[in-house]
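Observations on chain architecture
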Amino acid sequence: MPLDEKVLAELRARLSGRVITPDDSAYDQARTVFYGGIDRRPQAILLPQSDADVRQVVTWARESGSELAIRGGGHSPVGHSLSDGGVVLDLREMKGFDLDLERRTAWAQGGLTAGEYTSAAGAHGLATGFGDTGSVGIGGLTLGGGVGFLVRKFGLTIDDLLAADVVTADGQLLRAQAESNPDLFWAIRGGGGNFGVVTRFQFRLHPIEPFVGGIFVLPATADVVAGFLAEAEAAPEELSTIANVMPAPPMPFVPPEYHGKLIVLAFMAFAGKVEAAERALAPFRGLATPIADMVRPMKYPEMYGPEPGDYHPTAVGRTMFVDSIDRSIAQDILARLEASDASVRVAQLRVLGGAMARVPNEATAFAHRASRILVNLAAFYEGVEDRPRREQWVKEFEATLRQKDNGAYVNFLGEEGPSLVHRAYPGSTWDRLVDVKRRYDPGNLFHRNHNLPPDSP
Ligand code: FAD
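Residues numbered from 1 in each chain as written. Predicted model: local features only at pLDDT ≥ 70, side-chain atom pairs only at ≥ 80, totals over all residues. Heavy atoms only, no water.

Here's the deal with the pairing of strand S6 (residues 105–109)
Each regular strand carries side chains that alternate between the two faces of the sheet. What counts is decided by this rule: Only protein chains enter the calculation, and the probe is 1.4 Å; a residue is then buried if its accessible area is under 20% of its type maximum, exposed if over 50%, and partly exposed in between. Numbering of helices and strands starts at the N terminus; helices are DSSP runs of H or I of at least 4 residues and strands are runs of E of at least 2. Strands qualify as paired when DSSP identifies two bridges or more between them.
For S6, a buried count of 5 out of 5 residues is recorded, marking the element as mostly surrounded by other parts of the structure. Here S6 shows no split at all, with Thr105, Trp107 and Gln109 on one side and Ala106 and Ala108 on the other all buried. Inspection of the sheet shows strand S5 (residues 97–100) paired to S6 by 4 bridges, in the antiparallel sense. Paired with Leu99 across the bridge in S6 is Ala106. Bridge count between S6 and strand S10 (residues 197–204): 5 bridges; the pairing is antiparallel. Counted as the bridge partner of Ala106 is Phe203 from S10.

Examining the site of the ligand
Rule in force here: Only heavy atoms are used to decide nearness, and a residue is near a molecule or strand if one of them lies within 4 Å of it. For this analysis, a polar contact is any N or O atom pair within 3.5 Å, provided that within protein one partner can donate a hydrogen and the other can accept it, and provided that sequence-adjacent residues contribute only side-chain to side-chain pairs. All accessible-area figures derive from a Shrake-Rupley calculation using a 1.4 Å probe, and residue coverage is judged against the displayed protein chains alone. Gly counts as polar in this scheme, as do all residues outside two lists: the nonpolar Ala, Val, Leu, Ile, Met, Phe, Trp, Tyr, Cys and Pro, and the charged Asp, Glu, Lys and Arg.
Surrounding the ligand, one finds 34 residues, the nearest of these being Gly72, Gly74, Ser81, Val147 and Tyr409. Here an oxygen atom of the ligand sits 2.8 Å away from a polar atom, N or O, in the main chain of Gly73. A distance of 3.0 Å separates an oxygen atom of the ligand from a polar side-chain atom of Arg350. Bound to the protein, the ligand loses 94% of the 940 Å² it would expose on its own. Of all the secondary-structure elements, those providing two or more residues to the shell around the ligand are strand S3 (68–71), helix H5 (138–144) and S10. Among the elements that line the shell around the ligand, the one with the most residues is H5, at 4 residues. Class assignment for the residues of the shell around the ligand results in 13 nonpolar, 17 polar and 4 charged.

Digging into the environment of Val421
Threshold: Residue contacts are defined here by distance: any two heavy atoms, one from each residue, within 4.5 Å place the two residues in contact.
Note on placement: Val421 falls in helix H13 (residues 418–424). Val421 gets classed as buried once you look at its relative accessible area, which sits at 2%. Among residues more than four places away in sequence, those in contact with Val421 are Trp430, His450, Asn451 and Leu452.

Side note on helix H3 (residues 51–64)
This is how it is decided: Any helix carries an expected span of 1.5 Å times its number of residues minus one.
Here H3 spans 20 Å end to end across 14 residues, near enough to the 20 Å set by a 1.5 Å rise per residue. Where H3 terminates, the next one or two residues include Gly65, which has phi positive at roughly 80 degrees.

Laid out in structure tokens, this is it:
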């Protein structure tokens, strides 16, 4: 049912923040998310300014029966932060950052991006680990787990989450932490946006100076790919790596003769001293003559490079965990990448372990602590008619690489469906999450997410 003028007037009266509707000139910009090809038309986009605003929106949506989507940084690969015909609670104007230098903690509002948080904390030589991209929202990333440049040294983002303020479906504002609402605190550390709107997160901060990092590019042969993964596993925990095996993009730091050839474009992040970093990096430098080596002492926030504001790729993807990548699997990866002509195609490989693996599986709702390597497969598509064959390619690629670990990282799921959500939350994690869901959101108000239906058996 369309929102009539009376309802809109009521919403505007209830909120101190803006209400954007389809007749507003800001509407199309406001409903644009990171990925292209996602064209959903909410009836209103509500931009709260405060916890009180968030409570008003949640209460109104519950009472009116309007579908509610929650938007943090807008990077959901499946467009969960938009609703067709419902309303969007868009947190992007709630960007408060309140640092306690003495305790090395920070309260951060849900509308901050990883880059904004990291710059603010980095100004004091401190950091909390988020992902590999500055424009990703801290909201969605944290609630799914958070795997980034510091994962081996400090663990997942949720391992540094100390508390959160959550507006639950009944409109209450609850503090979730070890001492209060511990079941909710457990569930929001991996269970996504299923339980309420997090208006503020409290994180632990770590000293992050000195730091060595940057982009490192090698030619991709089977020996180099397998060697890179072996070295990344053997490396000290200070070093986290993200290796993108892909055709070389025409970037200024890649000499023209390599453009279009398969390379390993890696992000190297060493949270420690320069001499120790040099020792840890030496084996990688010995794998082949680097095509580009921009790894250097830097300020940690520099890891987030500039991003064009109008970049909205159309892409399909699959995510999985694997136990190992030996030479023969590396060969398969290269063959699959060679066999596609997608303008961008990539196998992204992240060696896990370290601090992340030391947290017991049952301590949080992220239940993949023992998983060894996180894999993301992605291909860009050009227009809807190109999409099916790119889908087919990522699907077959996934089948080629599948090993014993059947888990999936919720934040990288590029498609939806109950079986995928079960892969993200295996066994008793699922049961426990559904139990918490029943308690805090029995009506499934928060369902624009990888959903945990409260009526699930
Ligand atoms: P949104 O689309 O705004 O939100 C996604 C969903 O999260 C919402 O629908 C809602 O259910 C929930 N949500 C968001 N904020 C809140 C809140 N405050 N309260 C309640 N629910 C909320 N992930 C990693 O772990 N590591 C990476 O390195 C990484 N890199 C990425 C790079 C790119 C380019 C992209 C597109 C994604 C990447 N991701 C990474 C995945 C990312 O963590 C997820 O897509 C995440 O959901 C994005 O969060 P967001 O707030 O930007 O997204």
